[in-house]
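# Structural characterization, general
This is what each chain is made of:
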Amino acid sequence: MTFQKSNLIHATVSIFISLWMYYDSMNKDFGLLIPFLFGVVLLSLNNGIMLDNIQQRNAALGVTLLLLVFIVYMIFDFARHDDVELMAWFGVMACTSFLSIVVFLWAKMKKSY
C-alpha cells in the first residue's frame, strides 16, 4: 500500500464518519465536524502526494498527526462521559490515522535505501 492510497482511505473515512456522527447525534456539536475539515484538507493534498511532491507529503503527515492528537483527545473526552458509540467511531478514525502514519514511515524508510 502506498502513502497516497492510505491517505485517501484516511481522508474518506474521516469525512464520512464525522458526517455520520454529526447527523446521528442529538446535540449538533461542531467538534464532531473537525475531522471532516481535516479530511477535506487531506483529500486536497492527495493529488500532490500522488505526484510525489515532498512538501505536500510532509504537510499531509503533519495534518494526520494533528488529527490523531485531536482524535485521541476526543476519545478520552467521550470516555469520561461514558459515550461508547462515539468512542468507537473515533477509534476507527484513530486506527486509519495510525495506519496512514505507519505507511508513510514505511515508504520513507523503503525509499532511503
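My aim in this report is to walk through the structure given alongside it, one point at a time. Here the structure is a predicted model, which is why all the values come from computation and not from measurement.

## Some words on the packing of helix α2 (residues 34–50) against helix α3 (residues 54–80)
Orientation of α2 relative to α3, taken along the N-to-C sense of each, is 160 degrees, at an axis distance of 9 Å. With respect to each other, α2 and α3 are oriented roughly antiparallel. With respect to the hand of their crossing, α2 and α3 are arranged in left-handed fashion. Between α2, through Ile34, Pro35, Phe38, Val41, Leu42, Leu45, Asn47, Gly48 and Ile49, and α3, the contact on the second element is made entirely by Gln56, Arg57, Ala59, Ala60, Val63, Thr64, Leu66, Leu67 and Phe70. Partitioned by chemical class, the residues of the contact of α2 with α3 number 13 nonpolar, 4 polar and 1 charged.

## So, the environment of Phe30
On the secondary structure map, Phe30 appears in the loop between α1 (3–24) and α2. For Phe30, a relative accessible area of 52% puts it in the exposed group. Placed 23 residues apart in sequence, Phe30 and Asn7 show a C-alpha to C-alpha distance of 24 Å.

## A look at α2
With 17 residues, α2 ought to run about 24 Å at 1.5 Å a step, and its terminal C-alpha atoms sit 25 Å apart, in line with that. At Ser44, α2 shows its maximal bend, which comes to roughly 30 degrees. Those residues of α2 that sit buried are Pro35, Gly39, Leu42, Leu45, Asn46, Gly48 and Ile49. Once α2 ends, the next one or two residues include Asp52, with phi positive near 65 degrees.

## Points about the environment of Met26
Checked against the element boundaries, Met26 lands in the loop between α1 and α2. According to the relative accessible area criterion, Met26 is exposed, its value standing at 80%. A C-alpha to C-alpha distance of 23 Å links Met26 and Thr12, two positions 14 residues apart in sequence.

Reading guide: rules and limits
Residues numbered from 1 in each chain as written. Predicted model: local features only at pLDDT ≥ 70, side-chain atom pairs only at ≥ 80, totals over all residues. Heavy atoms only, no water. Axes fitted to C-alpha atoms, helices over the stretch in contact; angles between N-to-C directions. Helix = DSSP H or I, 4+ residues; strand = E, 2+ residues; numbered from the N terminus. Parallel < 35°, antiparallel > 145°, perpendicular 65-115°, else oblique. Left-handed = near helix turned anticlockwise from the far one by under 90°. Contact = heavy atoms within 4.5 Å. Nonpolar A, V, L, I, M, F, W, Y, C, P; charged D, E, K, R; others polar. Buried < 20%, exposed > 50% of the residue type's maximum accessible area, 1.4 Å probe, protein only. Expected span 1.5 Å × (residues − 1). Bend = angle between axes of the 7 residues up to and from the residue.

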